[in-house]
Amino acid sequence: MYQYSPLEESRGEIRLLELHSGDFDDDINCSIRHAALASTLEFTALSYTWGDPKIRKAILLGGEAFEVTVNLFDALRHLRSSQETRTLWVDAVCINQGDVDERNKQVLRMRDIYTFANTVEVWLGLADDEDEAAMALVRKLGATVSDPEESLASGFYTEYEEAFLDVFEAAEPRDVRALGQLFKRPWWTRVWVVQELTLANQQAAIVRCGEVAAPWLSFLITAYAIEASWFIVDAIISGVSPDDKLDGFNNGIRMAQCRKADLAHPPFALLELLHQHRDCESTDPKDKVYGLLGISGDVEDIGIVPNYGRSPEEIFTDLFEKHVLATNSLDMICAVRFPRRFDNLPSWVPDWSVDQTVPGICINNRYVGGNVFAGSPIAHFQRYAASGVSLPNVAFSGMRMSAVGVCFDRIASLGCEDEGMTFEDVDSFGRADEAGKSASDSDTFNEWLNMVLDSPIWDRIAGRYGEGNVLDAFCRTLVGNRNNRMMRPPEQAGTDSEAQR
């Protein structure tokens with residue numbers, strides 16, 4: 001059994017994995033060396049998914065058997081050179097996973113590890129013939145853009161739409177379907193990869209699938225190409241496999257939006273990152289927070305430090321309390337959603353281990369220092385600030401949070417929980433039955449609107465907005481009077497402006 005030697009913290013040491021040369025079917029033979037982490041250190045950092053931790057294969061590490069997950073075993077076999085030793089950093093091997101204190105400290109160093117790496121190589125997994133054709137399609141789409149960095153930073157607009165369409169229409173339909181499936185590989189859903197590729201040298205990063213590879217930037221361009229040609233690509237894929245849903249490319253767009261290509265832009269706030277990547281997965285629920293610390297701009301102000309000896313409930317509660325005190329804001333409470341994985345969390349603490357969508361109207365400052373700065377993509381956001389400039393007055397004691405508030409109103413009735421309205425339902429909003437009650441295609445919307453129509457204070461409602469404007473005011477209330485760009489929509493001609501407030 002391999003025995004780790006302790007790292008010298010005073011030298012800033014990390015472990016590097018020396019992957020010795022060999023033919024494809026040879027035993028995987030590796031060794032470990034310690035090195036002080038610096039920008040001059042030459043190594044490749046691997047970004048991959050662990051896979052099922054219960055199913056493992058053995059490699060040789062310093063002459064001793066060392067078990068790794070099957071997905072890492074496959075990655076090492078494909079990354080190995082037949083001619084020379086490769087120097088890698090691989091978390092499962094280079095961090096002593098059995099040493100909690102070391103894990104706490106090395107997690108904080110991952111930001112520098114992926115920043116200093118000469119290149120980051122992504123391992124998507126094994127490939128078949130269709131995957132190889134899909135990877136060729138990625139390279140072709142990437143080659144249509146003359147300056148990937150500039151286009152990803154400033155936006156594609158319509159400049160390349162025709163070129164993207166030409167590539168998709170010339171491709172074999174089964175290859176287009178395989179392309180969509182590449183973006184559904186488990187790697188895209190792992191929370192740690194967000195930090196790993198955000199910090200990577202963007203132009204040097206490589207994505208591998210089996211024996212084939214493509215530049216990382218080409219994958220990001222491909223995600224935007226699919227978005228720009230969505231109707232055509234969706235039709236092509238539906239012709240091959242009607243049940244396939246074309247949505248995986250959004251994972252690529254999310255990764256592109258996390259890139260910090262423009263150093264003049266402030267970093268993302270931790271709360272924004274937690275919202276953006278709440279649907280990502282991790283083997284350890286604690287990593288839903290820890291996996292994003294390296295790219296958060298306010299983590300030091302908040303004071304969150306990895307501690308794998310604590311429970312997820314303790315970590316999430318501590319994060320909430322420290323976030324409120326550091327930001328003078330209760331915005332994080334808007335992230336509380338049900339059902340939850342950890343039932344013994346305080347009711348006011350979000351369970352970050354569960355994928356729950358938070359409406360855009362609940363998100364305040366997305367960048368450290370605010371949303372308004374030169375080149376900000378969201379400077380147009382019109383935020384909510386019902387409390388004006390007043391700050392929260394809160395105190396914490398165990399499971400209890402006490403806060404000073406204002407009595408705003410009394411709840412008259414409570415409607416059903418929305419099971420999921422669709423865009424198609426919207427077209428039927430406003431349709432009424434013979435009794436004048438809502439008769440849209442959404443039962444939830446009908447119940448909600450009929451609560452208003454049957455309200456004991458209907459006369460006050462109709463008097464304030466005008467009977468003809470109640471539907472408009474009600475719909476605006478549901479979306480916080482914001483459109484999909486978080487802006488107040490312009491007043492409609494002939495509509496009482498009071499109905500839009």
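See the structure printed just above.
Residues numbered from 1 in each chain as written. Predicted model: local features only at pLDDT ≥ 70, side-chain atom pairs only at ≥ 80, totals over all residues. Heavy atoms only, no water.

(A) Looking closely at the packing of aromatic side chains. Counted according to the given criterion, the structure contains 19 aromatic pairs. Seen in terms of ring centroids, F183 and F219 are 5.7 Å apart; in terms of plane orientation they differ by 65 degrees. Their pairing is edge-to-face. Here F219 lies in helix 9 (residues 216-228) and F183 lies in the loop between helix 7 (173-182) and helix 8 (191-199), a separation of 36 residues in the sequence. The burial state of F183 is the same as that of F219; both residues are buried. Ring geometry for W187 against W216: centres 5.9 Å apart, planes inclined by 80 degrees, an arrangement best described as edge-to-face. Taken together, the residues span a long stretch of sequence, with W187 in the loop between helix 7 and helix 8 and W216 in helix 9 at a distance of 29 residues. For the pair W187 and W216, a shared accessibility class is recorded, and that class is buried. (Phe/Tyr/Trp six-rings, centres within 6.5 Å; stacked < 30°, edge-to-face > 60°. Helix = DSSP H or I, 4+ residues; strand = E, 2+ residues; numbered from the N terminus. Buried < 20%, exposed > 50% of the residue type's maximum accessible area, 1.4 Å probe, protein only.)

(B) Quick peek at the pairing of strand 2 (residues 29-36). Two strands pair when backbone bridges link them, and strand 1 (residues 13-19) and strand 2 are joined in this way by seven bridges, in the antiparallel orientation. Residue pairing for strand 2: L16 is matched across the bridge by R33. Taken together, the two bridges between strand 2 and strand 4 (residues 56-61) define a ladder with parallel strand orientation. In the strand pairing of strand 4, C30 is matched with L61. (Pairing = 2+ DSSP bridges.)

(C) Quick peek at helix 4 (residues 129-143). Under the 1.5 Å per step criterion, the end-to-end length of helix 4 is 21 Å for 15 residues, consistent within 8% with the ideal 21 Å. Those residues of helix 4 that sit buried are D131, A134, M135, L137, V138, L141 and G142. Buried residues along helix 4 cover an arc of 155 degrees about the axis, so they all sit on one side. The exposed set on the far side of helix 4, more than 90 degrees from its buried face, consists of D129, K140 and A143. Capping of helix 4 at its N-terminal end is provided by D128; its side-chain oxygen lies 3.1 Å from the backbone amide nitrogen of E130. (Expected span 1.5 Å × (residues − 1). Arc of directions from axis to C-beta. Polar contact = N/O pair within 3.5 Å; in protein donor to acceptor, adjacent residues only side chain to side chain.)

(D) Up close: helix 19 (residues 470-478). Taken as a whole, helix 19 has its buried residues at V470, A473, F474 and R476. One side of helix 19 holds all its buried residues, which, seen down the axis, span an arc of 165 degrees. On the buried face of helix 19, the contacting elements are helix 17 (443-453) and helix 18 (458-465). Positive phi appears at G480, one or two residues downstream of helix 19, with a value of about 65 degrees. (Contact = heavy atoms within 4.5 Å.)

(E) Just the nonpolar core, in detail. Core analysis: the largest hydrophobic core is formed by 125 residues, its most contacted members being W89, L179, W216 and F219. Counting residues per element, this core draws most heavily on helix 9, which supplies nine residues. Residues within four places of L179 in sequence aside, it is in contact with A134, L137, V138, L141, F168, T222 and I226. Residues F445, V452, W458 and Y465 belong to the second largest nonpolar core, which totals eleven residues. (Core = buried A, V, L, I, M, F, W, Y, C linked by side-chain atoms within 4.5 Å.)

(F) Looking closely at the pairing of strand 6 (residues 86-89). Of the two faces of strand 6, the one carrying R86 and L88 and the one carrying T87 and W89 are both buried. Of the pairings in the sheet, the one linking strand 1 to strand 6 comprises three bridges and is antiparallel in character. By the bridge assignment for strand 6, L19 is matched with R86. Where strand 3 (residues 44-47) and strand 6 come together, two bridges link them in parallel fashion. In the sheet register, T44 faces strand 6, and the bridge partner there is L88.

(G) Examining the sheet that holds strand 7 (residues 119-123) more closely. Taken together, the nine strands give an open sheet; going across it, the order is 5-4-2-1-6-3-7-8-9, and neighbouring strands pair in mixed fashion. Each end of this open sheet is capped by a strand with a single partner; those strands are strand 5 (64-69) and strand 9 (212-215). Strand-to-strand twist of the sheet, defined as the mean angle between neighbouring strand axes without regard to direction, takes the value 40 degrees. (Axes fitted to C-alpha atoms, helices over the stretch in contact; angles between N-to-C directions.)

(H) How the structure looks around empty space enclosed by the protein. Enumeration over the complete set of coordinates arrives at two cavities of 30 Å³ or more. Forming the walls of the largest cavity are R177, G180, Q181, K184, I237, D244, K245, L246 and D247. No other element matches the three residues that helix 7 contributes to the lining of the largest cavity. The residue inventory of the lining of the largest cavity, partitioned by class, reads two nonpolar, two polar and five charged. As a volume, the second largest cavity reaches approximately 30 Å³. Residue classes in the lining of the second largest cavity are distributed as three nonpolar, one polar and two charged. (1 Å grid on protein atoms, 1.4 Å probe; cavity = no way out; pocket = protein on both sides within 12 Å on 5 of 7 lines; lining within 4 Å. Points joined across faces, edges and corners; volume = space filled by probe spheres on them. Nonpolar A, V, L, I, M, F, W, Y, C, P; charged D, E, K, R; others polar.)

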